[in-house]
Amino acid sequence: MSLVFLPSAIVMPYQSVMPADFIVPVIPSLTHAALRQRLQQIIDGKTKPLSALGRLETLALQLGLIQASTQPTIHQPQIRVFAADHGLARHGTSAYPSAVTAQMVHNFLHGGAAINVFARQHELALKVVDAGVASDFAPHPLLIDHKIRHGSRDALTEPAMSEAECLAALNKGMEVVAELPGNLLIVGEMGIGNTSAASLLLARLGKLPISECMGRGTGLDDAGLQHKQRILSRVLARHPSATTPFAALAALGGLEIAMMAGALIKAASQRRILLMDGFIAGVALLVAEQLAPGVRQFAVFAHHSVEPGHAHVLRLLHADPLLNMQMRLGEGSGAALAYPLLQSACAFLSEMASFEDAGISGQSS
């Protein structure tokens, strides 16, 4: 199933309603008591003290539940980096100009970014999705052109996206995943101004003060941070009726965040592992979870970003991240670094001997 939308030529203020033509795929439930019990028995029976592998054991249990298997495996893992520009960035909410978005896309395509390095290291298939960059690109084998428009609108003066544009972005995100091989997805992002959009969405959907949701992004100084807070406060006041997940996404969000949310919804419906990066990817998951409850079950949280809002995202999603590397780069980089832990969780569950197999006496009762 897919998202369908009706074209609209007029950008109107949003009401707190869900569009009648918003359709999402069914998200499977991971409630399977018998499988959970069997997986726990297998984990506890390995040649180690109970819980001695700590977080790796709960990770293996989750992966087994996602794949409905006592021997989960990962094959053809995929990274999709979604890129877009933000009209709000014209108000100086970022330390970098909007032109950097397109420049970084070129860097991705030429293999020079951090996520390229980590993807090569761990053999993760990487492509970039143009969700709404303000520049056009020549065709490239690593580029997927799903541009909705040349950057979102200025959310300080009007909704960032029309209803049709927001639905189209969600739909294109689902299309990206529908065409993917493999069973693990990392969503990354690139877009000058996207920490502002993510902060706005977190404040509205999490019912939090904007001051607790925003940080320095690309490196704002103290004066820049105060300016950013003033601008974002005005944006929230400009859109008081955008309170439902869809309305908030359209009024406050970015094209890449909407497309990431659609990708995560589709991936969960296909029982893919969602290996989540940091703040902006986390906000996309928060949106996806509120649009399609149950998506969060498929998420493995890679790391704890130093962006202040990420702590709230993790709390709202009841998340236990694997790493704390003091990172805030985005691009999917933190998720790529955590990927070997998922490989290890699958490997120990499938390959480590049990006490019975090894002829070793288990724990005394």
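For the structure, check the block above.
All values derive from a computational prediction rather than experimental measurement.

Caption draft 1: Just the overall build of the protein chain, in detail. Regarding its fold elements, the protein chain presents 14 helices and six strands. Principal-axis analysis of the C-alpha atoms places the extent of the protein chain at approximately 70 × 40 × 40 Å. Counting over 365 residues, the protein chain shows a buried share of 58%. Per element, the accessible surface of the protein chain, about 14700 Å² overall, is 55% carbon and sulfur. Taking the 26 positively charged and 27 negatively charged side chains of the protein chain as two groups, their mean positions are separated by 3 Å.

Caption draft 2: Focus on the pairing of strand β1 (residues 78–84). The buried count for β1 comes to seven of seven residues, which makes it a mostly enclosed element. Residue alternation in β1 divides its side chains into two sets, Gln78, Arg80, Phe82 and Ala84 and Ile79, Val81 and Ala83, and both sets are buried. Both β1 and strand β2 (residues 125–132) contribute to a ladder of seven bridges, which runs parallel. The residue bridging isoleucine 79 from the neighbouring strand is leucine 126, located in β2. Across six bridges, the pairing between β1 and strand β4 (residues 184–190) is parallel. Within β4, the residue paired with arginine 80 across the bridge is valine 187.

Caption draft 3: Expanded view of the environment of alanine 125. On the secondary structure map, alanine 125 appears in strand β2. Sequence-wise, alanine 125 and alanine 178 are 53 residues apart; in three dimensions their C-alpha atoms are separated by 16 Å.

Caption draft 4: Representation of unusual backbone geometry in the model. Phi is positive for glutamine 326, close to 60°, though the residue is something other than glycine. Within the secondary structure, glutamine 326 sits in the loop between α12 (308–316) and α13 (333–351).

Caption draft 5: Fine view of helix α5 (residues 163–178). For α5, which comprises 16 residues, the first-to-last C-alpha distance of 23 Å matches the rise-based estimate of 22 Å (1.5 Å per residue) to within 8%. Listed in full, the buried residues belonging to α5 are Ala164, Glu165, Cys166, Leu167, Ala168, Ala169, Leu170, Asn171, Gly173, Met174, Val176 and Val177.

Caption draft 6: Seen up close, the nonpolar core. By size, the foremost hydrophobic cluster in this structure holds 125 residues, and its most contacted members are Leu274, Val295 and Leu342. Sorting elements by how many residues they give to this core places helix α10 (residues 255–269) first, with eleven residues.

Caption draft 7: Just the sheet that holds β2, in detail. One open sheet accounts for six strands, arranged β3-β2-β1-β4-β5-β6; its pairing is parallel. Edge positions in the sheet fall to β3 (143–145) and β6 (299–301), since each has one partner strand and no second. Direction aside, neighbouring strands of the sheet carry axes that sit 25° apart on average.

Caption draft 8: Structural detail: the side chain of asparagine 194. Relative to the helices and strands, asparagine 194 is located in helix α6 (residues 194–206). Among the polar contacts made by the side chain of asparagine 194, one reaches the side chain of glutamate 189 at a distance of 3.0 Å.

Caption draft 9: Summary view of the pattern of salt bridges. In total, this model carries nine salt bridges according to the counting rule given. Close ionic contact of aspartate 320 with arginine 55 constitutes a salt bridge, the shortest N to O distance being 3.0 Å. Taken together, the positions of aspartate 320 in the loop between α12 and α13 and arginine 55 in helix α2 (residues 55–67) put the pair 265 residues apart, joining distant regions of the chain. Judged by its relative accessible area of 44%, aspartate 320 is partly exposed. A network of salt bridges, in which partner residues are shared, links Arg149, Arg153, Glu158 and Glu165.

Caption draft 10: Seen up close, the packing of α6 against helix α8 (residues 222–238). Where α6 contacts α8, the axes come no closer than 11 Å and their chain directions differ by 50°. Looking at the two axes, α6 sits oblique to α8. The chirality of how α6 crosses α8 is right-handed. Here α6 contributes Thr195, Ser196, Ser199, Leu200, Ala203 and Arg204 to the contact with α8, which in turn contributes Lys228, Leu232, Val235 and Leu236. The residue makeup of the contact of α6 with α8, split by class, is five nonpolar, three polar and two charged.

Each value, and the rule that gives it
- Residues numbered from 1 in each chain as written.
- Predicted model: local features only at pLDDT ≥ 70, side-chain atom pairs only at ≥ 80, totals over all residues.
- Heavy atoms only, no water.
- Helix = DSSP H or I, 4+ residues; strand = E, 2+ residues; numbered from the N terminus.
- Buried < 20%, exposed > 50% of the residue type's maximum accessible area, 1.4 Å probe, protein only.
- Areas by Shrake-Rupley, 256 points an atom, 1.4 Å probe, with all protein chains shown as cover.
- Lys, Arg positive; Asp, Glu negative; His and termini not counted.
- Charge placed at Lys NZ, Arg CZ, Asp CG, Glu CD.
- Pairing = 2+ DSSP bridges.
- Expected span 1.5 Å × (residues − 1).
- Core = buried A, V, L, I, M, F, W, Y, C linked by side-chain atoms within 4.5 Å.
- Axes fitted to C-alpha atoms, helices over the stretch in contact; angles between N-to-C directions.
- Polar contact = N/O pair within 3.5 Å; in protein donor to acceptor, adjacent residues only side chain to side chain.
- Salt bridge = Lys/Arg side-chain N within 4 Å of Asp/Glu carboxyl O.
- Parallel < 35°, antiparallel > 145°, perpendicular 65-115°, else oblique.
- Left-handed = near helix turned anticlockwise from the far one by under 90°.
- Contact = heavy atoms within 4.5 Å.
- Nonpolar A, V, L, I, M, F, W, Y, C, P; charged D, E, K, R; others polar.

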